[in-house]
Amino acid sequence: MTCSVLIVDDHPGFRARARALLVAAGYEVVGEAADGESGVRVARDLSPDVVLLDVQLPDITGFEVVRLVHGEPDPPAVVLISSRDASDYGGRIVRSGAQGFISKAELSARTLAAVLEGNRR
Amino acid sequence: MTRRRWGLAALAAAGTGWILGAEWVSIHHGVPENHLIDAVTGLAFLAGGIVALDRRPGNTIGPLMIAFALVSYLGNWGNIQAPVLPLLGVIGGQLGAPILAQIALSYPTGRLRTAFDRAVIGVIWAASAAVTIALLLVFNPRAGGCARCAWEPGPLPSRDAFTTALWVYQRAGFVLVPLFLAAVWLRWHRATRAERRALAPLWVAVSIIAVVYLMGAFASPFPDADPFAYLIWELQGILQVSLPVVFVWGLLSTRLARSAVGDLMVELERPLPPGELQASLARALGDPSLELLYAREGQDGWVDARGRPGSLPRPGTGPQARTATVVERPGRPLAALIHDPALDQGLVRAAAAAAGMTIENERLHAEVRAQLEEVRASRQRIVEAGDRERRRVERNLHDGAQQRLATLALSLAMIRDCDGADPATAALIAEASAELKQAIDELRELARGIHPAILTEEGLPAAVESLADRSALPVRVRADFEARLPEPVEAVAYFVVSESLANVAKYARASSAQVEMTRRNGTLRVEVLDNGIGGADAARGSGLRGLEDRVAAVRGRFCVQTRASGGTRVLAEIPCDG
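Residues numbered from 1 in each chain as written. Chains lettered and ligands numbered in written order. Predicted model: local features only at pLDDT ≥ 70, side-chain atom pairs only at ≥ 80, totals over all residues.

Undergrad: Would you explain the overall build of chain A in this entry?
TA: Of regular secondary structure, chain A possesses five helices and five strands. By the burial criterion, 47% of the 121 residues in chain A qualify as buried. A sequence separation of at least 24 residues applies to 57% of the contacts in chain A between residues at least 6 apart. (Helix = DSSP H or I, 4+ residues; strand = E, 2+ residues; numbered from the N terminus. Buried ≥ 20, exposed ≤ 12 C-beta atoms within 10 Å, placed from the backbone. Contact = placed C-beta atoms within 7 Å.)

Next up, the structure:
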């Protein structure tokens, strides 16, 4: 079964590349959002399997979005992404309840699958 | 002797003649009263009034006391069988009480301060005036058997009405005395500590006199016919002597205070420690709450002896009320004494004049301290602005270059994953990807050096843990707090640890290091220890010198020591509560 993905990132160029990369790898990108609040709303409306979520958003932080999304019934898996390194966020990534973290430059079908399988944080 | 003094002497002589003459008239007509007490009371008020006129020319207390002394004897003179004098005697009998009440409530300034005070005195005067008018209308001297006397009766002569009016006035004491006592209590309640100290004897005296007047409300208005009324009347006379005594005592206490100003001058002959002048002035003026502010040089504003900004108080009333006496030197403010409004202005100015040179010196000290404080605050603002700029640059790198490079990395990954590329192209793409990854890592490290995101996100302990993780040698981190600290404090502490660990890695030849962070009594203590060769010196290394400046900018303390057991100890203590 195809895995549906919602991309939440405020950089259109990155969203377009990520969409193309994931679609090429067989993922179904069901939607995009450019800020945290619309990301929460679209996640509620579309019920994707995975939310690929930028930590630094213009309105609320990615960590706040994870908390809101997890407050919904049957929440999707959330994978945090950032151009920074995971170490720049200390223990917040683990505490946020996200499935894992991928540095933006390292995003690929393989790294996403690894995180979703629980092998990578 | 000045003309004014001559005038006062003439007034004293005339007043004494008026009082003694009146007593002679009373004795001659066989009026049953204690003439000695009567004369002493009048002379005491006359003397007190003349002293008050001399010392406080613009104050109404003096004229009121003299008026009391003079009107009290109109009744005595009324015994002379001459036209008008008996009528004046009738008037004089009702004027003493309102004058006394006004003196009591307006002491020491001569002004009635509150609307309630004015209302109470107004009511007492109105009652006296109403009774006086009634008495003048019904006055009937012949009803007492004086068939041949020269006294003219009033327009509606009636002995019964005359007696009734006097009874009514006597009984009005049931209302008027409690009203007066309420006004005295309110003044006490609103008074400052110094006012209470200064006015306590007067208020005790007037309260006792008021209570005697209240007792008089139970008595007959004719003291010669009722022993109890006579006793009350004489008691009033004796107690009223205390009022001029208390007032003169008030003047003398000002003189005593002036001698304290003399002591102050002696005290100021030797140099005072900086900031000690305020305490000396407070002692000399008897106002422990006195504060001393100094005018800034060439700008508006005031500072205390330590150079901290201060402001002059707004006018107010009550125990917390303060007033400012500004000391000036040719046309410009020099200092301001903020003190209890009850203090004698002349005394305050005398003390300020006595301390003139010391005030000048302290003002210069305060000016230097204020400028030092401004420099320190300016340095802190510069460091904080630098930190803000670092955060902005890091954020711009993150939002701009790092995002673009990440997107570029994804594009290269997509091209690399496409089928059909020849081996040479694939090799070039792989090489570009590796170069790009290197650039991204270097840019990330640069951004982290400018301002670590983890410090903003997670606070100091986590940021230092992250530093330790990336350090080239093992670093043990211990922090006894988790709460966030003010941003400037976190930034300074982080850079102390960051620079110190970098130095350990570069120069110390250490095998391990240790970071201790403790928060006690509003101070963050950051200690970086290593087991290397020691010898670090903040005076020589620009990095350590920079740290010393940063720590000083947030009013902290920084030192670098070579430990006796070997290695270096870097210690920063930074105030972190407000």
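Okay, back to it.
Undergrad: What is the right way to look at the overall build of chain B in this model?
TA: Across its full length, chain B carries 20 helices and ten strands. Counting over 578 residues, chain B shows a buried share of 34%. For chain B, restricting intrachain contacts to residue pairs at least 6 apart in sequence, the fraction spanning at least 24 positions comes to 65%.

Undergrad: What is the right way to look at the interface of chain A and chain B in this model?
TA: When the parts of a complex come together, some accessible area is lost, and that lost area is often used as the size of the interface. Opposite the 22 residues of chain A that make contact, chain B presents 22 residues. The leading source of residues in the side of chain A that touches chain B is helix H1 (residues 12-24) of chain A, at seven residues. Along the lines of polarity and charge, the residues of the side of chain A that touches chain B split into eight nonpolar, eight polar and six charged. (Nonpolar A, V, L, I, M, F, W, Y, C, P; charged D, E, K, R; others polar.)

Undergrad: What should I look at first to understand the sheet that holds strand S5 (residues 100-103) of chain A in this one?
TA: Hydrogen bonding along the main chain pairs the strands of a sheet, whether they run parallel or antiparallel. Residues and elements named next belong to chain A. Spatial strand order, S2-S1-S3-S4-S5: five strands in an open sheet with parallel pairing. Where the open sheet ends on each side, the last strands, each with one partner, are strand S2 (28-33) and S5. Neighbour to neighbour, the strand axes of the sheet diverge by 25° on average, direction disregarded. Inspection of the sheet shows strand S1 (residues 4-8) paired to S2 by five bridges, in the parallel sense. Across the sheet, the residue bridging to Leu-6 is Gly-31, located in S2. Relative to strand S3 (residues 50-54), helix H3 (residues 62-70) is tilted by about 155°, and along the sheet it contacts S1, S3 and strand S4 (77-82). Along the sheet face, helix H5 (residues 109-116) touches S3, S4 and S5 and points at about 165° away from the line of S5. (Pairing = 2+ DSSP bridges. Axes fitted to C-alpha atoms, helices over the stretch in contact; angles between N-to-C directions.)

Undergrad: Can you walk me through the confidence of the model for chain A in this structure?
TA: Interpretation of the predicted coordinates at a detailed level should be avoided for regions scoring low in pLDDT. When pLDDT is averaged across chain A, the result is 91; 97% of the residues are at 70 or more. The secondary-structure element of chain A with the lowest mean pLDDT is helix H4 (residues 92-96) of chain A, recorded at 87, while S1 of chain A shows the highest, at 97. (pLDDT = per-residue confidence, 0-100.)

Undergrad: Sorry if this is basic, but what is going on with the sheet that holds strand S9 (residues 557-562) of chain B here?
TA: All names here are of chain B. The mixed open sheet is built from five strands, whose spatial order is S6-S7-S8-S10-S9. The open sheet is flanked by strand S6 (475-479) and S9, the only strands paired with a single partner. The average angle at which neighbouring strand axes cross in this sheet is 10°, direction not considered. Pairing between strand S8 (residues 523-530) and strand S10 (residues 568-575): seven bridges, direction antiparallel.

Undergrad: Just checking my understanding: could you explain the environment of Thr-518 of chain B for this structure?
TA: Residues and elements named next belong to chain B. Locating Thr-518 in the fold gives a position in strand S7 (residues 513-520). Between the alpha carbons of Thr-518 and Arg-478 there is a distance of 8.3 Å; along the sequence they are 40 residues apart. Setting aside anything within four residues of it in sequence, one finds Thr-518 in contact with Asp-480 and Arg-525.

Undergrad: So what exactly am I meant to see when it comes to the nonpolar core here?
TA: Inside soluble globular proteins, nonpolar side chains tend to come together where they are buried. With 80 residues, the main nonpolar core has Leu-52, Leu-53 and Val-79 of chain A together with Ala-493, Val-496 and Val-497 of chain B as its most contacted residues. By residue number, the principal contributor to this core is helix H19 (residues 487-508) of chain B, which donates eleven residues. Structurally, this core is a two-domain feature, drawing no fewer than three residues from each of domain 3 (400-451) and domain 4 (458-575) of chain B. Excluding residues that lie within four positions of it along the chain, Leu-52 of chain A makes contacts with Val-5, Ile-7, Val-8, Ala-18, Val-79 and Ile-81 of chain A. Within the second largest apolar cluster, 43 residues are counted, among which are Ile-99, Phe-180, Ala-183 and Ala-210 of chain B. (Core = buried A, V, L, I, M, F, W, Y, C linked by C-beta atoms within 7 Å. Domains from an automatic or database assignment.)

Undergrad: Hey, could you run me through the confidence of the model for chain B in this one?
TA: Looking at chain B, the pLDDT average stands at 84 and 92% of residues meet or exceed 70. S8 of chain B holds the highest mean pLDDT among the elements of chain B, 96, whereas helix H11 (residues 242-267) of chain B holds the lowest, 70.

Undergrad: Would you mind showing me how to read the packing of helix H2 (residues 36-46) of chain A against H3 of chain A here?
TA: Residue and element names in this part refer to chain A. Relative orientation of the contacting elements H2 and H3 amounts to 25°, with a least axis distance of 10 Å. In terms of orientation, H2 and H3 fall into the roughly parallel class. The handedness of the crossing between H2 and H3 comes out as right-handed. Residues Gly-36, Gly-39, Val-40 and Ala-43 of H2 form the contact with H3, whose participating residues are Glu-64, Val-65, Leu-68 and Val-69. Partitioned by chemical class, the residues of the contact of H2 with H3 number five nonpolar, two polar and one charged. (Parallel < 35°, antiparallel > 145°, perpendicular 65-115°, else oblique. Left-handed = near helix turned anticlockwise from the far one by under 90°.)

Undergrad: What am I meant to see in the pairing of strand S5 (residues 332-339) of chain B here?
TA: All names here are of chain B. In this structure, strand S1 (residues 291-295) lies alongside S5, joined through four bridges in antiparallel fashion. Paired with Tyr-294 across the strands is Ala-335, a residue of S5. When strand S4 (residues 323-329) meets S5, the two strands line up antiparallel, connected through seven bridges. Looking at the pairing, Ala-324 lines up with Ile-338 of S5. Taking the residues that link successive antiparallel strands as the turn, the S4-S5 hairpin has two residues, and the phi of Gly-331 there is positive, at about 80°.

Undergrad: Help me understand H2 of chain A in this model?
TA: Since the α-helix turns once every 3.6 residues, residues separated by three or four places project in the same direction. Residues and elements named next belong to chain A. All of the buried residues along H2 are Gly-36, Gly-39, Val-40 and Ala-43. The buried residues of H2 occupy an angular sector of 100° when projected down its axis, which confines them to one face. For H2, the exposed residues set more than 90 degrees away from the buried face come down to Arg-41 and Asp-45. Structurally, H2 contributes buried residues whose contacts are with S1, S2, S3 and H3. (Arc of directions from axis to C-beta.)

Undergrad: Sorry, what's going on with helix H10 (residues 227-240) of chain B here?
TA: Residues and elements named next belong to chain B. Between its first and last C-alpha, H10 extends 20 Å over 14 residues, near the 20 Å set by a 1.5 Å rise per residue. Inspection of H10 places Ile-232, Trp-233, Gln-236 and Gln-240 among the buried residues, and these make up the whole buried set. Projected down its long axis, H10 shows its buried positions confined to an angular sector of 100°, all on one face. (Expected span 1.5 Å × (residues − 1).)

Undergrad: When you look at the pairing of S10 of chain B in this model, what are you seeing that I'm missing?
TA: Every regular strand shows the same layout, with side chains that alternate between the two sheet faces. Residues and elements named next belong to chain B. On S10, burial follows the alternation: Thr-568, Val-570, Ala-572 and Ile-574 on one face are buried, whereas Arg-569, Leu-571, Glu-573 and Pro-575 on the facing-out side are not. Relative to S10, S9 runs antiparallel, the two being bridged by six bridges. Along S10, the bridge assignment pairs Cys-559 with Leu-571. Counting the residues that bridge the hairpin from S9 to S10 gives five residues, and of these Gly-566 lies at a positive phi of roughly 100°.

Undergrad: Explain unusual backbone geometry to me, please; I cannot follow it from the model alone.
TA: In terms of backbone geometry, most residues other than glycine have negative phi values and most peptide bonds are trans. With phi around 50°, Asp-74 of chain A is a residue other than glycine that occupies positive phi space. Relative to the elements of secondary structure, Asp-74 of chain A occurs in the loop between H3 and S4. Since 5 C-beta atoms lie within 10 Å of it, Asp-74 of chain A is described here as exposed. You will see that Asn-521 of chain B, though not glycine, has its phi angle at about 50°, which is positive. Tracing the chain through its elements places Asn-521 of chain B in the loop between S7 and S8.

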